[in-house]
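What follows is each chain in one-letter form.
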Number of protein chains: 2
Amino acid sequence: MACVRALRSSEAEIKLVDRRNFHLFQPLLYQVATGGLSPANIAAPLRSIFKKQKNVQVLMAGVDGFDMAKRSVVLDDKSELPFDYLVLATGSTHHYFGRDADWEPLAPGLKTIEDATEIRRRLLTAFEAAEETDDPAMRAALLTIVIVGGGPTGVELAGSICELSRHTMKNEFRAIDPSSARIVLIENSKMVLDRYHGSLSEAAARDLKMLGVELWNETRLMEIRPDHVIVSHAGESKRLDTYTVLWAAGVKASSLGKKLADSIGPTVQLDRGGRVAVDSQCAVAGYSNVFVVGDLAAFSLADGTTLPGVAPVAMQQGAYLGNLIAKTVKGSRPTSPFKYWDKGNMATIGRSRAIVESGKWRMTGQLAWLAWLFIHILYLARFENRMLVLFQWSWSYITRNRTARLITGKTKVITGKTKETL
Amino acid sequence: MACVRALRSSEAEIKLVDRRNFHLFQPLLYQVATGGLSPANIAAPLRSIFKKQKNVQVLMAGVDGFDMAKRSVVLDDKSELPFDYLVLATGSTHHYFGRDADWEPLAPGLKTIEDATEIRRRLLTAFEAAEETDDPAMRAALLTIVIVGGGPTGVELAGSICELSRHTMKNEFRAIDPSSARIVLIENSKMVLDRYHGSLSEAAARDLKMLGVELWNETRLMEIRPDHVIVSHAGESKRLDTYTVLWAAGVKASSLGKKLADSIGPTVQLDRGGRVAVDSQCAVAGYSNVFVVGDLAAFSLADGTTLPGVAPVAMQQGAYLGNLIAKTVKGSRPTSPFKYWDKGNMATIGRSRAIVESGKWRMTGQLAWLAWLFIHILYLARFENRMLVLFQWSWSYITRNRTARLITGKTKVITGKTKETL
């Protein structure tokens, strides 16, 4: 989208191909998963966004592969879309450390709207089933929610689920006390949010504990089963009964990276996570007109590291490429390389609690939370969505209610023998 | 819900059993189907609604049947819920005139949130597929939307789909003109909204035509296939190519009516539509403590007709029964029969157009539309939803945009050979 926008005054004819008909603002997806917002509040139809930009045609289609000899993209209906310039920005997906087939059905991740409504369904159904069962052991297992991965998504999910069970659901049940739910956050490393400065990670850990989250640091997930998980901590293995496991751990690059590499040949390098190596202009080796950006690109820095898979990198790369292509079309290709301007990072932990880091400047607490709120409202596409989110946040700040707590969809939920038909 | 509310000060211990965890305001479901509102805007979690009413326990469960000897309801996990009083209010579902198995997958109806998002998905996908195809015949078929049934739901759907294609989607496509879409409303009788006064039906028909809806009155649907429908008008049969057929025709009573009749025996009568005959106190023959209300009940009037299957009947019956049970529990069962107070009917046709009928008083046009708007906002559960809907309506009134136009879900959509994998 940033690339298309930067091409707005160009003579270039743009085809924006996406499997979905909308842009999704992923950073707020956890709020859909916990019933605070509706999917449409954080999504905007692509056609509506680019309605006025006449040089772009939006096509809702999947991509099967590439034909580099013909310079074309092969769509999923086998039709071909020829190109002069190709920008690939298909991001990343979940990665279950080689256990995708077994673990994915048991521990949904949080990348799409369907993921979010599925997580919402499982979470809420667990509480419903707990209200109904007479078996104390099953009730305890139903009221145990395990989140795997202590990065921003895991932390935000854990924080919201605590708010949900401690405050939103208060007085809503008759047989159970929802605030007795155990929210367990499993993290492999020593700390949650371990990419932040130590003082911020500590603040986040403190806040999470205050909310009621159990932090299991230095803990490795060994196994996920329908009714329990096995973890390992300090060489000891431990079983935890649960019917709700949420995945916020590994990601891997979209499979189109490999398809691009296959169609070009061995000059294109993929890293361990499946990301495509690009040069300083985000171009693929040997092709000055084929670019990869965002989570799918491995953009190397002078110190040997690569740029992180975060939204600002993708957006800045997109805008950079839009300008580069616009100028190239006009006849003079710029030689300047892409430079990432790191404005900082932020994560929220719960009501009035967040951490913000920008260069050497760090902030925690209420002010950080307000900054988080402001920035997230700002980055939402469309004015209407900003207003709807702002209203819902204000309202749930006052009432602690979350109205989007709907159990929808027809997929089977695994919550113990008696509840398999739910 | 009306019954539970009326029991708020009673000593009765109430179990509210529902398959879903939320109350759905069905009259606005067509706005979810056409991308104007989000599901959560017209739904409210039952637990949240009855949070403060301590004598009610909400149970999310399906009902398998009844054991009248034991006076208990058998839930879908085979557990039994004993009762002193039973109020059955499970409403109605779609009815495809004996063609359920063939037609239901091809022509979704509009009763649940999943129905609404499925219709939204099919509608929007048809326009997306039309933008991509090069075949003019297929494009025309993709841009033909057929709605079966000219009652309030059919009329409201047709009106909104016209607005969507004529206004909301304007300038959003590059290869097609969405306003060229044909919206065909098929109605068996002489007129749409034929239960209203003739002058109102005529006003509605005029408004629909002005919006661009093709009214095919006195037309019978003979066949639905994946890529066309066959209709019959004045003895002649006609084929219409389309990939999008929406069902707004027949309804039949929930299957629990039959289950109740089976468990009681032949004293309980079911009418042709599967509705349970009830006496003047909404009780089932032979059981003064078993009641059926709403769409599932056949409540006979002095003139031999039965009360219509509309929301006000159900709500008034619920409130009546709540009072009756409260008094009976206290020791004195009232003898007064249920009396329906018909406040009137209303239907909206599109932007600034509606019809309202109350006794001999009739209204059309902008004022009727404002009345419709006001009443529908008022009947929404929860303040938050009222505000969210009001804001979205105002915004889309000004901008003609509809932001909830998301294609979600994974079910296969039938839109021609090239699009089967969508």
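Residues numbered from 1 in each chain as written. Chains lettered and ligands numbered in written order. Predicted model: local features only at pLDDT ≥ 70, side-chain atom pairs only at ≥ 80, totals over all residues.

## Remarks on the overall build of chain A
We count it as follows: Each helix is a run of DSSP H or I of at least 4 residues and each strand a run of E of at least 2, with the numbering of both proceeding from the N terminus. Here the radius of gyration uses the C-alpha set of atoms, whereas the globule reference equals 2.2 Å times the residue count to the power 0.38. Three exposure classes are used, based on other C-beta atoms lying within 10 Å of a residue's own C-beta, which is placed from the backbone: buried for 20 or more, exposed for 12 or fewer, and partly exposed in between. Each residue gets a C-beta atom placed from its backbone, and two residues are in contact if those atoms lie within 7 Å.
In terms of helices and strands, chain A carries 12 helices and 24 strands. Computed over C-alpha atoms, the radius of gyration of chain A comes to 23 Å, within 12% of the 22 Å expected from 2.2 N^0.38 for 422 residues, which places it in the range of a compact globule. Burial statistics for chain A: of 422 residues in total, 48% are counted as buried. Within chain A, counting contacts between residues at least 6 apart in sequence, those at least 24 apart form 61% of the total.

## Section: the sheet that holds strand S16 (residues 244–247) of chain B
Residue and element names in this part refer to chain B. The condition that has to hold: Two strands are counted as paired when DSSP detects at least two bridges linking them. Fitting a line to C-alpha atoms yields each axis, with helices limited to the stretch in contact; the angle taken between N-to-C directions then spans 0 to 180 degrees.
Strand order in the open sheet formed by 4 strands is S12-S11-S10-S16, and the pairing between neighbours is parallel. The outermost strands of the open sheet, each flanked by one partner alone, are strand S12 (213–216) and S16. The mean inter-strand angle of the sheet, taken between neighbouring strand axes irrespective of direction, is 20 degrees. Bridge analysis of strand S11 (residues 182–186) against S12 gives 4 bridges, and the strand direction is parallel. The residue bridging Val184 from the neighbouring strand is Glu214, located in S12. Here helix H7 (residues 152–168) sits on the sheet and contacts strand S10 (144–148), S11, S12 and S16; the angle it forms with S11, its principal contact strand, is near 175 degrees. Against the sheet, helix H8 (residues 198–211) makes contact with S11 and S12, and its axis sits at roughly 135 degrees relative to S12, the strand it touches most.

## Quick look at the domain arrangement of chain A
Let me state the cut-off plainly: Domain borders in the structure are assigned automatically or taken from a domain database.
As assigned here, chain A comprises domain 1 (2–19 + 61–95 + 252–330) and domain 2 (100–248 + 345–419). Centre-to-centre separation of domain 1 of chain A and domain 2 of chain A, based on C-alpha positions: 33 Å.

## What about the sheet that holds strand S7 (residues 80–82) of chain B?
Residue and element names in this part refer to chain B. Strand order in the open sheet made by the 3 strands is S5-S6-S7, with antiparallel pairing throughout. Every interior strand has two partners, whereas the edge strands, strand S5 (63–67) and S7, have only one. Going from strand to strand, the sheet's axes swing by 25 degrees on average, the running direction of each strand aside. Summarising the sheet, strand S6 (residues 72–75) and S7 pair through 3 bridges and their orientation is antiparallel. Paired with Val74 across the two strands is Glu80, which belongs to S7.

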